[in-house]
Amino acid sequence: MKLRVIGLFAFLLVVAVVAVSQHPPQPARPPQPIGPDPIAQNLFPPDLVMHHRQALGLTDDQRAVIKEEMMKAAARFHDLQWQMQDEMETMAALTKGANVDEQKVLAELDKILAIEREVKRTQLTLSIRIKNKLTSEQQAQILEIQRGFHDRWPPER
């Protein structure tokens, strides 16, 4: 009887080990932001401002400055995109072999993160410059438009 219990226990242990090995642990998910983004709710997407330029009553000067800032940012984004593509190709090459040089890969990661930082900095700079060109009344107006847009998201089908 004892032998059967030990055998059954061993069998169940083997089954449990096999089952666990078939389902590797899931990676931890990064924490999700809680609530609205406090920075984004104070700035306005360039496309939203330009889409509602007539409703906002943008002056010719405001339109020209915003358009110029958007074009400068677009050129910078284009340049950064090329840089990012080059660095990602380098990273792929560094991680291909059987052995990976950790220091080289981490140095390459730092280059990629620097480019991503520059993208975010360019985005924020553009949003700040656009906001600073709007009057307080226009800012209040686009804020209401922005809130209405988010209240209707996702769109009903």
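All values reported here derive from a predicted model rather than from experimental measurement. (Residues numbered from 1 in each chain as written. Predicted model: local features only at pLDDT ≥ 70, side-chain atom pairs only at ≥ 80, totals over all residues. Heavy atoms only, no water.)

Q: Any chance you could explain the layout of surface pockets here in plain terms?
A: Picture a little ball the size of a water molecule; that probe, rolled over the atoms, points out where space is still empty. Its volume calculated, the largest pocket comes out at about 160 Å³. Forming the boundary of the largest pocket are Lys120, Gln123, Leu124 and Ser127. Of the residues that constitute the lining of the largest pocket, the class distribution is 1 nonpolar, 2 polar and 1 charged. (1 Å grid on protein atoms, 1.4 Å probe; cavity = no way out; pocket = protein on both sides within 12 Å on 5 of 7 lines; lining within 4 Å. Points joined across faces, edges and corners; volume = space filled by probe spheres on them. Nonpolar A, V, L, I, M, F, W, Y, C, P; charged D, E, K, R; others polar.)

Q: In this structure, what is going on with a nonpolar patch on the surface? I would like to understand it.
A: Residues Ile39, Leu124 and Ile128 make up a contiguous nonpolar surface patch of about 260 Å² in total accessible area. Here Ile39 is to be found in the loop between α1 (2–22) and α2 (46–51). (Patch = residues over 30% accessible without salt bridge, like charges linked within 9 Å, V, L, I, M, F, W, Y side chains within 5 Å. Areas by Shrake-Rupley, 256 points an atom, 1.4 Å probe, with all protein chains shown as cover. Salt bridge = Lys/Arg side-chain N within 4 Å of Asp/Glu carboxyl O. Helix = DSSP H or I, 4+ residues; strand = E, 2+ residues; numbered from the N terminus.)

Q: What is the right way to read helix α4 (residues 60–94) from this model?
A: An α-helix turns once per 3.6 residues; consequently, residues spaced three or four apart project the same way. Its 35 residues give α4 an end-to-end C-alpha distance of 51 Å, which sits within 8% of 51 Å, the value for a rise of 1.5 Å per residue. Within α4, burial applies to Gln62, Ile66, Glu69, Ala73, Leu80, Met84, Glu87 and Met91. (Expected span 1.5 Å × (residues − 1). Buried < 20%, exposed > 50% of the residue type's maximum accessible area, 1.4 Å probe, protein only.)

Q: Would you mind going over the confidence of the model for the protein chain with me for this structure?
A: Low-pLDDT stretches of the model should not have their predicted coordinates read in fine detail. When pLDDT is averaged across the protein chain, the result is 82; 72% of the residues are at 70 or more. Contacts for the low-pLDDT stretch residues 8–21, under 50 throughout, to residues beyond four places or in other chains number 0 contacts. (pLDDT = per-residue confidence, 0-100. Contact = heavy atoms within 4.5 Å.)

Q: For this particular structure, what's the right way to read the pattern of salt bridges?
A: Taken as a whole, this structure holds 8 salt bridges when the rule is applied. A salt bridge links Lys72 to Glu69; its shortest N-O distance comes to 3.4 Å. A residue pair is termed a helical-turn pair when its members lie 3 or 4 positions apart in one helix, as Lys72 and Glu69 do in helix α4 at 3 residues. What makes Lys72 partly exposed here is its relative accessible area of 44%. Owing to a relative accessible area of 14%, Glu69 belongs among the buried residues under this scheme. For Glu118, the salt bridge identified is with Arg76, shortest N-O distance 3.8 Å.

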